[in-house]
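Structural description and commentary
Residue strings, one per chain:
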Amino acid sequence: MTGEIQPNGKIALCGLLAAEITEQLGITPAFHGKQLFSWIGKGAESFGAMTNLPAPLRAQLAETTVLRSTAVSAVLTDRDGTVKLQITLADGLAVETVLLTDRDGRKTACVSCQAGCAMRCAFCQTGQLGLARSLAAAEIVEQFLHLEKHAGTLDNIVFMGMGEPMTNLPAVRKAIAVLTDRGGRALSARRITLSTSGIVAGIYDLADNGPHVRLAVSLTTADTALRERLMPVTVANPLPALREAIAYYTEKTGRRVTLEAALLHDTNTGDASARNLIAFARGLDAHINLIPWNPVETLDFAEPTAAECKQFAETLRRAGLNVTLRTRRGRDIGGACGQLGKTLAPTITTRNGC
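Below or above, wherever it landed, is the structure these notes cover. This is a predicted model, so every value here is computed, not measured.

Conventions adopted
- Residues numbered from 1 in each chain as written.
- Predicted model: local features only at pLDDT ≥ 70, side-chain atom pairs only at ≥ 80, totals over all residues.
- Heavy atoms only, no water.
- Phe/Tyr/Trp six-rings, centres within 6.5 Å; stacked < 30°, edge-to-face > 60°.
- Helix = DSSP H or I, 4+ residues; strand = E, 2+ residues; numbered from the N terminus.
- Buried < 20%, exposed > 50% of the residue type's maximum accessible area, 1.4 Å probe, protein only.
- Contact = heavy atoms within 4.5 Å.
- Salt bridge = Lys/Arg side-chain N within 4 Å of Asp/Glu carboxyl O.
- Pairing = 2+ DSSP bridges.
- Axes fitted to C-alpha atoms, helices over the stretch in contact; angles between N-to-C directions.
- Arc of directions from axis to C-beta.

Moving on, we get to the packing of aromatic side chains. In this description, a pair of aromatic rings is defined by centroid distance and the angle of the planes. This structure, assessed with the given rule, holds two aromatic pairs. An angle of 50° between the planes, with centres 5.0 Å apart, marks the rings of Tyr204 and Tyr248 as tilted. Pair noted here: Tyr204 is in helix H6 (residues 200-209) and Tyr248 is in helix H9 (residues 239-253), with a separation of 44 residues, a long-range link. Given the relative accessible area of 27%, Tyr248 is considered partly exposed. For the ring pair Trp293 and Phe301, a centre distance of 5.9 Å and an interplane angle of 65° mean the geometry is edge-to-face. Each member of the pair, Trp293 together with Phe301, is buried.

Set out below in structure tokens:
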């Protein structure tokens, strides 16, 4: 694989493995390529810092490659500790990536795989933007490294930011390969979660060809008519086929799947919605995450009440399902689930022609 060529003609190194760096740049001896890859995993931002590389090689790298093809253009911090970075890409587009810290101090990077999103989920800010383009592997890896520079060593990464990972699976796979390589950042695959709106073919592809990361499916409702209205992806990926794909992923990988549901007031929180979700999840090795909807001013939905969420969760638990009712974080900075892209709307839509 060749590295992504930037508008300035230079190669973005963060999307390459050690052997690819060595081959593409013609580095000899080969162990210098491994050293360079190790420095990238450590978050090095200048070739000058790579003191174990020969000076002529460092000069060559500065002329022909870049350690960062992207730049942090804004940092927003919520009072609950959530941090959102706006990251500008080399072509002027921008994406957002979020740092989440749980009560035990574990840090998770929520990264984007696309600028905008083509899925058009009715309750999601990002879905209203349309798709500008998919990100390259280097642009994905760099989000993680930008967050580590800001917050120190991260524990987990979730592909739950802007975009649908299954429609950019080659770049997502490559980013995961770079981040998990033992010669570089060496992040465990067990600490990686990929969230999809329910692209059936992508789930089978991931099951058959890896990597076998944690899989989360944004289900929201198991009522076909309602899901088709809320999540147009359902039309081409109907619920029965989606359920079969989830079961296949669990059987093939041995991993429990997470089913995510954004709870919308008086929309998908009633008894009928609970019964449909119970029927869908029963027999699957799945954990259910209930996420109270986060407000987006331009969308015609309302937040569920605390009592509404509690009753829905209890109904599922009484049916024997494993359920977690999530705490909302990052809402003040537009960094909560479903809110990403608010500050980027003019940039995305201008580039997308919408």
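Turning our eyes to something else, we now look at the side chain of Ser197. Following the sequence through the fold, Ser197 ends up in the loop between strand S11 (192-196) and H6. Residue Ser197 is classed as buried on the basis of its relative accessible area, which comes to 6%. Leave out the neighbours within four places in its chain, and Ser197 touches Met119, Glu164, Ser218, Arg227, Met231 and Val233.

By the definition in use, this model includes twelve salt bridges. The residue Glu20 makes a salt bridge to Lys174 at a minimum N-O spacing of 2.7 Å. On the criterion of sequence distance, the pair formed by Glu20 in helix H1 (residues 18-25) and Lys174 in helix H5 (residues 169-180) is long-range, its members being 154 residues apart. The same class applies to Glu20 and to Lys174, which are both buried. Its salt-bridge partner being Asp285, residue Arg256 comes within 2.9 Å of it at the nearest N-O pair. Here Arg256, found in the loop between H9 and strand S13 (257-263), pairs with Asp285, found in the loop between helix H10 (271-281) and strand S14 (286-292); they are 29 residues apart in sequence, far enough to count as distant. Note on Arg256: relative accessible area 43%, which makes it partly exposed. For Asp285, a relative accessible area of 34% gives the class partly exposed. Via salt bridges that share partners, Asp91, Arg133 and Glu139 belong to a single interconnected network.

Looking now at the sheet that holds S14. Taken together, the ten strands give an open sheet; going across it, the order is S4-S5-S6-S7-S10-S11-S12-S13-S14-S15, and neighbouring strands pair in mixed fashion. On the outer flanks of this sheet lie strand S4 (71-77) and strand S15 (322-325), each paired with one strand and no other. Averaged over all adjacent pairs, the angle separating strand axes in this sheet is 20°, with direction ignored. In this sheet, S13 lies alongside strand S12 (residues 214-218) in parallel orientation, the contact comprising three bridges. By the bridge assignment for S13, Ser218 is matched with Glu260.

It is worth spelling out H10 at this point. Every α-helix carries 3.6 residues per turn, so stepping three or four residues along brings you back to the same face. Among the residues making up H10, those that are buried are Ser273, Ala274, Leu277, Ile278, Phe280 and Ala281. Take H10 and look down its axis: the buried residues cluster within an arc of 165°, on one side only. Facing away from the buried surface of H10 by more than 90 degrees, the exposed residues are Arg275 and Ala279. On its buried side, H10 packs onto H9, S13, S14 and helix H11 (306-318). Looking one or two places after H10, you find Gly283, whose phi comes out positive at around 95°.

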